[in-house]
Amino acid sequence: MPTYGFLALSVNKDKLYWKLIKSLYSHYTPDQIRSHNFHVIGQGYSEEDQDFLRAEAPDINFIFTDRIEGSISKIRRELMNQFDILSMYDYLILIDDDFNFGQYALEQYDHHISELDNHPEVGLVSCHRRMKTELRVQTSSIEIPYPQDLSVISMRTGLIVRRGAITPDEMFNDDILYHEEFYLALRVYLKGYEVGKAWVDVYHQSRQGGLGNSLQKKYHIFTSNEACSAKKVAIEQGYFEVADGEIYYGAQNVGHMSQLAHDTHNKNKEELGL
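Residues numbered from 1 in each chain as written. Predicted model: local features only at pLDDT ≥ 70, side-chain atom pairs only at ≥ 80, totals over all residues. Heavy atoms only, no water.

## Notes on empty space enclosed by the protein
Part 1: Per the stated rule, a full pass over the model turns up one cavity of 30 Å³ or more.
Part 2: Estimates place the volume of the largest cavity at around 30 Å³.
Part 3: Across the lining of the largest cavity, the residue classes break down as four nonpolar, three polar and no charged. (1 Å grid on protein atoms, 1.4 Å probe; cavity = no way out; pocket = protein on both sides within 12 Å on 5 of 7 lines; lining within 4 Å. Points joined across faces, edges and corners; volume = space filled by probe spheres on them. Nonpolar A, V, L, I, M, F, W, Y, C, P; charged D, E, K, R; others polar.)

## Some points on the nonpolar core
Part 1: Counting 83 residues, the largest nonpolar core has Leu94, Phe101 and Tyr109 as its most contacted members.
Part 2: At eight residues, the largest contribution of residues to this core is made by helix H8 (residues 180–190).
Part 3: When sequence neighbours within four positions are dropped, the list of residues in contact with phenylalanine 101 reads Phe6, Leu20, Ser23, Leu24, His27, Tyr28, Phe38, Ile95, Leu106, Tyr109, Asp201 and Val202. (Core = buried A, V, L, I, M, F, W, Y, C linked by side-chain atoms within 4.5 Å. Buried < 20%, exposed > 50% of the residue type's maximum accessible area, 1.4 Å probe, protein only. Helix = DSSP H or I, 4+ residues; strand = E, 2+ residues; numbered from the N terminus. Contact = heavy atoms within 4.5 Å.)

## A closer look at the pairing of strand S6 (residues 122–128)
Part 1: In terms of burial, S6 is largely enclosed, as seven of its seven residues are buried.
Part 2: As judged from the six bridges shared by S6 and strand S8 (residues 194–199), these two strands associate in the parallel manner. The residue of S8 that forms the bridge with cysteine 127 is alanine 198.
Part 3: One ladder, built from three bridges, connects S6 with strand S7 (residues 159–162); its direction is antiparallel. Counterpart to serine 126 in the pairing with S7 is leucine 159. (Pairing = 2+ DSSP bridges.)

## Examining unusual backbone geometry
Part 1: Cis geometry marks the peptide bond from isoleucine 144 to proline 145; its omega dihedral reads 0 degrees.
Part 2: Summarising the element assignment, proline 145 is placed in the loop between helix H6 (133–136) and S7.
Part 3: Of note in the backbone geometry, asparagine 37 takes a positive phi value of approximately 60 degrees without being a glycine.
Part 4: Its place among the elements puts asparagine 37 in the loop between helix H2 (30–35) and strand S2 (38–43).

Laid out in structure tokens, this is it:
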């Protein structure tokens, strides 16, 4: 079985404790949690909060550090480089600290990681959650390639990254303020790897109170193209196209990856021998 671990960045003790930690300990034994290699990098936590978390979740690997200023892209890049967790495993699953893990999630992640060993052409998998309970508990094969344009990818229920497919410096552009997950998927695709879609029993509180929701309001994402978003950078680089006058995030499925993006992918895929 290939090795894999999870990585969450956190600045909010309550969110981390009541979402991620409580859900894990509600459904899994300490041995199961420990064997799945959860890492949490907490920024700006008090000593009291650090002691509390270590006592409540002794099976999670905590790293505490000072708060980093800048875009989420910059923060993720710097912390992933500093602590180099990607190099520890064959695959690293990027998650958020407000993930709620269902009772079948770890079993489903196990399945997907095992699948990936038979699909060396896949560099990234975007995980999603089915809405219907009876479907949510099923374990399904990874859909390869991703069935939609990569620009719809976001932090749903985790992004599985293959070690060696991409580095943190390649994954993140410090200028991007919103939707860095699309940029990550795009860079993996441009290097010649495929992107897949998987289904996992995890709930992510992103629609109402999550970081994405607050960034949408802060940068007027739905009404303006002024903010430096992943789509804006991809357009400037020639890898994404939208119709004249369209708001990049004004509606679902605005724009599409360009022919240059597909040509670059195919060229590098051939060079990788995938």
